[in-house]
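Residue-level listing of the chains:
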Amino acid sequence: MIIGVPKEIKNNENRVALTPAGAKELTRKGHTVYVQHMAGESSGFPDEDYIRAGARILPAIEEVYAIAEMIVKVKEPVTQEYPLVRKGQLVFTYFHFASEKALTLAMMESEAICLAYETVIDQNHSLPLLVPMSEVAGRMSVQEGARFLEKPQGGKGILLGGVPGVKPAKVLVLGGGIVGYHAALMAAGLGADVTITDISLPRLRYLSEVMPANVKTLYSSTYNIEQELTTTDLVIGAVLIPGAKAPHLINRQMLSLMKKGSVLVDVAIDQGGCFETSHPTTHADPVYEVDGIVHYCVANIPGAVPQTSTLALTNATFPYVMALADLGWAEACRKDSGLAEGLNIIDGKIVYKAVAEAFDLPYEKYTV
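Just so it is clear, the structure is predicted and the values come from calculations on it, not from any experiment.

(A) Summary view of a nonpolar patch on the surface. Taken together, the side chains of Leu159, Val163 and Val166 define a hydrophobic patch exposed on the protein surface, amounting to about 280 Å² of accessible area. Structurally, Val163 is set in the loop between helix H5 (131-148) and strand S7 (170-174).

In structure tokens:
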């Protein structure tokens, strides 16, 4: 198979979808790998590394899309890439369709095969290609939240962990999944007073057992969240409904319960955001204020630490890339029903129900 790896062009997206190690394995099996010039540079992988691994370098993104049977990316195609995606071409990446109708319509029009990292499942019904970036995003959400609590950044001027004689900041983590777990762990490690919420009692019991003493668990309800907001300095939004739009757990009216300079970090912004007042931001311009509350809603948080993120992501994605290259998407999905769950759009038809429901578009069940 001919595999293409374009350079990511989303704002400050520095990750790359395939490392030289992956390229070497693919070429060793007889596949052809084309990598766009400098695609891996920001992740610590210069073109020379790919050439030594047997890949070929192409100067322009248009050439990569034009020649590849399978495009392997990190983030969803942006507007200027829409016309480059071809009929029948397999695109394997994070899509997050339910939060972006224009992208959904464009990929339907392209009649490509859109296989989304975020809806692939494994034998345990977890999300193996979302987990590594959720781990990074969860930890980074606290790192960024702590930064924007600083007064020069528009925050209250609070040190997350406090000092002897001064209380630490209060952190509220909404969602006890992978992102929430790692956010709470990071915040606790910095000495904050942490509360983590979820609607699953078994999950709350587990978190109560494994978390440090400065992390408390709380059942997630509007009432309980409202009670917490009056004393919370930093809120991490970490809810996820696989493939679907995130629910709004904090509306604009609830912002009035918080003190000015408090910070909201919406890790769920890729799926539409879990705060009513959220809209996507970039690493170049990461925050804005609503009613005196600082909002950090960067849609590709792990892109800021590409050397860590690329290795973590490709460790998880590469076995699937190899299977798709060896077997083709149809046979690979037939043999792995969890991989088949990643199919979102095929030949112009939406085959993932949550995406169709998000925009009231026709849904067509795909049978492998």
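From this point on, the discussion continues.
(B) Focus on the pairing of strand S2 (residues 32-36). Across the five residues of S2, four count as buried, placing the element largely inside the fold. As paired elements, strand S1 (residues 2-5) and S2 share four bridges and run parallel to each other. Counterpart to Ile3 in the pairing with S2 is Val33. Note on the crossover from S1 through helix H1 (residues 20-28) to S2: the handedness is right-handed.

(C) A look at the sheet that holds strand S8 (residues 193-198). Strand order in the open sheet formed by seven strands is S9-S8-S7-S10-S11-S13-S12, and the pairing between neighbours is mixed. If you trace the sheet from one side to the other, it starts and ends with strand S9 (215-219) and strand S12 (287-290), each paired once. Between one strand and the next, the sheet's axes are offset by a mean angle of 20°, whatever the strand orientation. Direction of pairing for strand S10 (residues 234-237) relative to strand S11 (residues 263-266): parallel, over a ladder of four bridges.

(D) Layout of the pattern of salt bridges. Under the defined criterion, the tally for this structure stands at 15 salt bridges. Between Asp326 and Lys29 there is a salt bridge, with its nearest N and O atoms 2.9 Å apart. Here Lys29 lies in the loop between H1 and S2 and Asp326 lies in helix H9 (residues 306-327), a separation of 297 residues in the sequence. In this structure, the salt-bridge partner of Asp291 is Arg252, at a minimum N-O distance of 2.9 Å. Residue Asp291 is found in the loop between S12 and strand S13 (293-296), and its partner Arg252 is found in the loop between S10 and S11; the two are separated by 39 residues along the sequence. Take Asp291: its relative accessible area is 35%, and that puts it in the partly exposed class. With relative accessibility at 45%, the residue Arg252 sits in the partly exposed group.

(E) Spotlight on the packing of H1 against H9. Here H1 crosses H9 at 25°, and the two axes come no closer than 11 Å. Classed by the angle they form, the pair H1 and H9 counts as roughly parallel. Viewed along their axes, H1 and H9 form a crossing whose handedness is right-handed. Where H1 abuts H9, its residues Gly22, Glu25 and Leu26 lie against Phe318, Val321, Met322 and Ala325. Here the residues of the contact of H1 with H9 sort into five nonpolar, one polar and one charged.

(F) Structural view of the nonpolar core. Grouped together as the largest cluster of nonpolar side chains are 77 residues, with contacts concentrated most on Leu26, Leu160, Val171, Val194, Ile236 and Leu324. Ranked by residue count, the leading element in this core is H9, at eight residues. Setting aside anything within four residues of it in sequence, one finds Leu160 in contact with Val142, Ala146, Leu149, Pro168, Ala169, Val171, Leu190, Gly191, Ala192 and Leu234. Core analysis: the next-biggest nonpolar cluster, separate from the first, contains 27 residues, Tyr34, Tyr65, Ile71 and Ala244 among them.

Calculation notes
Residues numbered from 1 in each chain as written. Predicted model: local features only at pLDDT ≥ 70, side-chain atom pairs only at ≥ 80, totals over all residues. Heavy atoms only, no water. Patch = residues over 30% accessible without salt bridge, like charges linked within 9 Å, V, L, I, M, F, W, Y side chains within 5 Å. Areas by Shrake-Rupley, 256 points an atom, 1.4 Å probe, with all protein chains shown as cover. Salt bridge = Lys/Arg side-chain N within 4 Å of Asp/Glu carboxyl O. Helix = DSSP H or I, 4+ residues; strand = E, 2+ residues; numbered from the N terminus. Buried < 20%, exposed > 50% of the residue type's maximum accessible area, 1.4 Å probe, protein only. Pairing = 2+ DSSP bridges. Right-handed = clockwise from strand over helix to strand, strands pointing away. Axes fitted to C-alpha atoms, helices over the stretch in contact; angles between N-to-C directions. Parallel < 35°, antiparallel > 145°, perpendicular 65-115°, else oblique. Left-handed = near helix turned anticlockwise from the far one by under 90°. Contact = heavy atoms within 4.5 Å. Nonpolar A, V, L, I, M, F, W, Y, C, P; charged D, E, K, R; others polar. Core = buried A, V, L, I, M, F, W, Y, C linked by side-chain atoms within 4.5 Å.

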